[in-house]
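Breakdown of the fold
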Amino acid sequence: MRNNKYPFFPGGFLWGGAQAASQADGSFTEDGKGLNSSDVQPFLKGLSNEEIQRLETQGMTIEEIKQNMTDDQHYYPKRHGIDFYHTYRQDIDLLAEMGFKTFRTSLDWSRIFPNGDDKQPNIAALEHYSEMIDYMLAHGIEPIITMNHYETPLNITLKYGGWPNRAVIPMFERFGKTLLDWFGSRVKYWIVVNQINMVQIEPWLSVGVASDQYDNMSEALYQSTHNQMVAAAWIKQYAKSLNLPDLNIGTMVADGTVYPASSKPDDVVLAMQHNRMQYMFTDVQFRGYYPQAAKNYFAEHNIHLDIDIDDMKLIKDNPMDFLGISYYYSKMVSAEKNAYEVNDTSANPHLETSPWGWAIDPQGLYNTLSQYADRYNKPIIIAENGFGMYDEIEDGKIHDDYRIDYLSKHIEQVGRAIHDGANVIAYCEWGPIDIVSCSSQQMSKRYGFIYVDLDDEGQGSGKRIRKDSFYWYKDVITSNGRKI
């Protein structure tokens, strides 16, 4: 398919992909790594996708966390990933073969500071990541690095109660400073916290809080994101002191904005209220204050945050440089079915869905890019966009036309948004090499252009196989988005 209508990708546009160390690296016993929040999520065979989603939101109790740390009855996929810790050279070679201009990944906090509160970093881990970054740069691939992508050290949860505890802020600041000291001259783009608003859906992974750790869980979760925003502002302040003109510190959200179910005023107003609570995270980090609507929501929901006056000055004086957005699907709200609660949404009957119930809505990407661009006028990185699906090998090949169709239609809408003024500078397809699913712990929920021969229980050769989409995306990059 040729993109004749919206061929508006600028020269130097960063085409690439994204993953997380917690889902790819593996090697959880090597080089002094500690356990993190992702390492204690077992693969539970036989669960429906609905049950998986419920468990994701529910999280784990303290007792379950402790049991999972020593459990030898279940398989823990994220401890093993796809062995990217050892295979990164051959995997980056494949990305370079596609022509990647950028690759987003994370540097595992629990590998560099195994307990989170360590006074000195693990040099072996830093040297490993240094070699990985150098290998990317040698192949002309611009690193986009996430500081924390669901890799909170378990000690932070068990000893300090997770991110609600303000004592965690300086620990993470030490981690961020270490990364900038080691890699700031080589890495231009840093995302401090992956999908900072996903605390509403993935509380355990986002902020390392056990489900029975706080009486007022909503308050604990919003305190967590406030503490993360304080740490991000401090890291931005430190970055400025390094006098590296190409160094950019950004925030990232998962698109959580919604459509009204109809033109009924009640539906329109409810959607507007819901979206305000999504924009809150970026309002704070770009504008430097909590909107009044958010303060009202907190008061109405018995949420009382510990916000120091110095917190807000730090945040105000150190706004983020760019916005990362992940986009997979859209949702809607109906005043008849939904309440003014951030997670209370409805499925859109006008859209088809993936096997995991994720609505397929390319124009939703145009909508969200345009809304955020109009609101903040900041550079935007599409930090994640992809299509999870069951892939089948036929005669040694994977014919994934469904993935090509999904991505083609979404990339077209990115071009449309750029045409209408959005300053989108990068597109990172999620999971260019098959990795363990964040939400379901499955390998069978595949996103990649490159198939990895491993099943949900870690069995297989680990061999990499180019899918049909591999060659399609290579053409997209070569044509700078004109051939999709």
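Residues numbered from 1 in each chain as written. Predicted model: local features only at pLDDT ≥ 70, side-chain atom pairs only at ≥ 80, totals over all residues. Heavy atoms only, no water.

Okay, the environment of Met 277 next. Relative to the elements of secondary structure, Met 277 occurs in helix H11 (residues 265-287). Along the sequence, Met 277 and Phe 100 sit 177 residues apart, while their C-alpha atoms lie 35 Å from each other. Leave out the neighbours within four places in its chain, and Met 277 touches Gln 200, Tyr 222, Ala 294, Tyr 297, Phe 298, Tyr 340 and Val 342. (Helix = DSSP H or I, 4+ residues; strand = E, 2+ residues; numbered from the N terminus. Contact = heavy atoms within 4.5 Å.)

Glycine aside, negative phi is the norm for most residues, and most peptide bonds take the trans geometry. Of note, the phi angle at Gln 195 is positive, near 45°, even though the residue is not glycine. Summarising the element assignment, Gln 195 is placed in the loop between strand E4 (189-193) and helix H9 (203-207). Gln 195 sits in the buried class, given a relative accessible area of 7%. Even without being a glycine, Gln 441 presents a positive backbone phi close to 60°. Within the secondary structure layout, Gln 441 lies in the loop between strand E10 (424-430) and strand E11 (450-452). (Buried < 20%, exposed > 50% of the residue type's maximum accessible area, 1.4 Å probe, protein only.)

With that settled, consider the packing of aromatic side chains. What the rule picks out here adds up to 33 aromatic pairs. Note on Tyr 329 and Trp 358: the rings are 5.0 Å apart at their centroids and 55° apart in plane angle, and the pair reads as tilted. Residue Tyr 329 is found in the loop between strand E7 (322-326) and strand E8 (331-333), and its partner Trp 358 is found in the loop between E8 and helix H14 (362-376); the two are separated by 29 residues along the sequence. What makes Trp 358 partly exposed here is its relative accessible area of 22%. Centroid distance Phe 449 to Tyr 473: 4.5 Å. Interplanar angle 20°. Geometry classified as stacked. Within this pair, whereas Phe 449 is found in the loop between E10 and E11, its partner Tyr 473 is found in helix H16 (residues 468-478), the two being separated by 24 residues in sequence. The exposure class assigned to Tyr 473 is buried, which follows from its relative accessible area of 0%. An aromatic cluster is built from Phe 9, Phe 13, Trp 15, Phe 100, Tyr 427, Phe 449, Trp 472 and Tyr 473, whose rings are joined through pairwise contacts. Note that Arg 111 overlies the ring of Tyr 85, its terminal NZ or CZ placed 4.0 Å from the centroid. A cation sits over an aromatic face here: Lys 445 above Trp 358, 4.0 Å from the ring centre. (Phe/Tyr/Trp six-rings, centres within 6.5 Å; stacked < 30°, edge-to-face > 60°. Lys NZ or Arg CZ within 6 Å of the ring centre and 35° of its normal.)

Right, let's talk about the pairing of strand E9 (residues 380-384) for a bit. Of all the five residues making up E9, five are buried; the element is thus mostly covered by neighbouring parts of the structure. Where E7 lies against E9, four bridges are found, and the strand directions are parallel. When the sheet's bridge partners are listed, Ile 325 is paired in E9 with Ile 382. Note that E9 and E10 share three bridges and pair parallel. Its bridge partner being in E10, Ile 382 is matched across the sheet by Tyr 427. As for the winding sense of the linkage, the β-α-β connection from E9 through helix H15 (residues 401-419) to E10 is right-handed. (Pairing = 2+ DSSP bridges. Right-handed = clockwise from strand over helix to strand, strands pointing away.)

Moving on, we get to the pattern of salt bridges. If you walk through the whole model with that rule in mind, you get 24 salt bridges. The salt bridge involving Arg 89 is made with Glu 131; its shortest N-O contact spans 3.7 Å. Of the two residues, Arg 89 sits in helix H4 (residues 84-98) while Glu 131 sits in helix H6 (residues 123-138), which places them 42 residues apart along the sequence. Residue classification places Glu 131 among the partly exposed residues on the basis of a relative accessible area of 44%. Two residues, Asp 400 and Arg 403, come together in a salt bridge whose shortest N-O distance is 2.8 Å. No difference in accessibility class separates Asp 400 from Arg 403, as the two residues are buried. Shared partners join several salt bridges into a network, and the residues in it are Asp 391, Asp 400, Arg 403, Asp 434, Arg 446 and Lys 467. (Salt bridge = Lys/Arg side-chain N within 4 Å of Asp/Glu carboxyl O.)

For the rest of this paragraph, the subject is H6. An ideal rise of 1.5 Å per residue puts 22 Å on 16 residues; H6 measures up with 22 Å between its terminal C-alpha atoms. Along H6, the positions that sit buried rather than exposed are Ala 125, Leu 126, His 128, Tyr 129, Ser 130, Met 132, Ile 133 and Met 136. Backbone nitrogen of Ala 124 and a side-chain oxygen of the N-cap are separated by 3.2 Å at the start of H6; the cap is Asn 122. Once H6 ends, the next one or two residues include Gly 140, with phi positive near 75°. (Expected span 1.5 Å × (residues − 1). Polar contact = N/O pair within 3.5 Å; in protein donor to acceptor, adjacent residues only side chain to side chain.)

Trp 190, Tyr 222 and Tyr 473 are the most contacted members of the largest nonpolar core, which totals 129 residues. Every residue in contact with Trp 190, bar those within four places of it in the chain, is listed here: Leu 107, Ile 145, Met 147, Leu 179, Leu 180, Phe 183, Gly 184, Leu 247, Asn 248, Ile 249, Gly 250 and Phe 322. Of all hydrophobic cores here, the second largest spans 11 residues; its members include Val 40, Trp 204, Ala 210 and Cys 438. (Core = buried A, V, L, I, M, F, W, Y, C linked by side-chain atoms within 4.5 Å.)

Looking now at the packing of H15 against H16. Taken N-terminus to C-terminus, the directions of H15 and H16 make an angle of 25°; their axes are 9 Å apart at the nearest point. Between H15 and H16, the crossing angle belongs to the class labelled roughly parallel. The handedness of the crossing between H15 and H16 is right-handed. Of the residues in H16, those touching H15 at Asp 401, Arg 403, Ile 404, Leu 407, Ser 408 and Ile 411 are Asp 468, Ser 469, Trp 472, Tyr 473 and Val 476. Here the contact of H15 with H16 is built from residues that sort into six nonpolar, two polar and three charged. (Axes fitted to C-alpha atoms, helices over the stretch in contact; angles between N-to-C directions. Parallel < 35°, antiparallel > 145°, perpendicular 65-115°, else oblique. Left-handed = near helix turned anticlockwise from the far one by under 90°. Nonpolar A, V, L, I, M, F, W, Y, C, P; charged D, E, K, R; others polar.)

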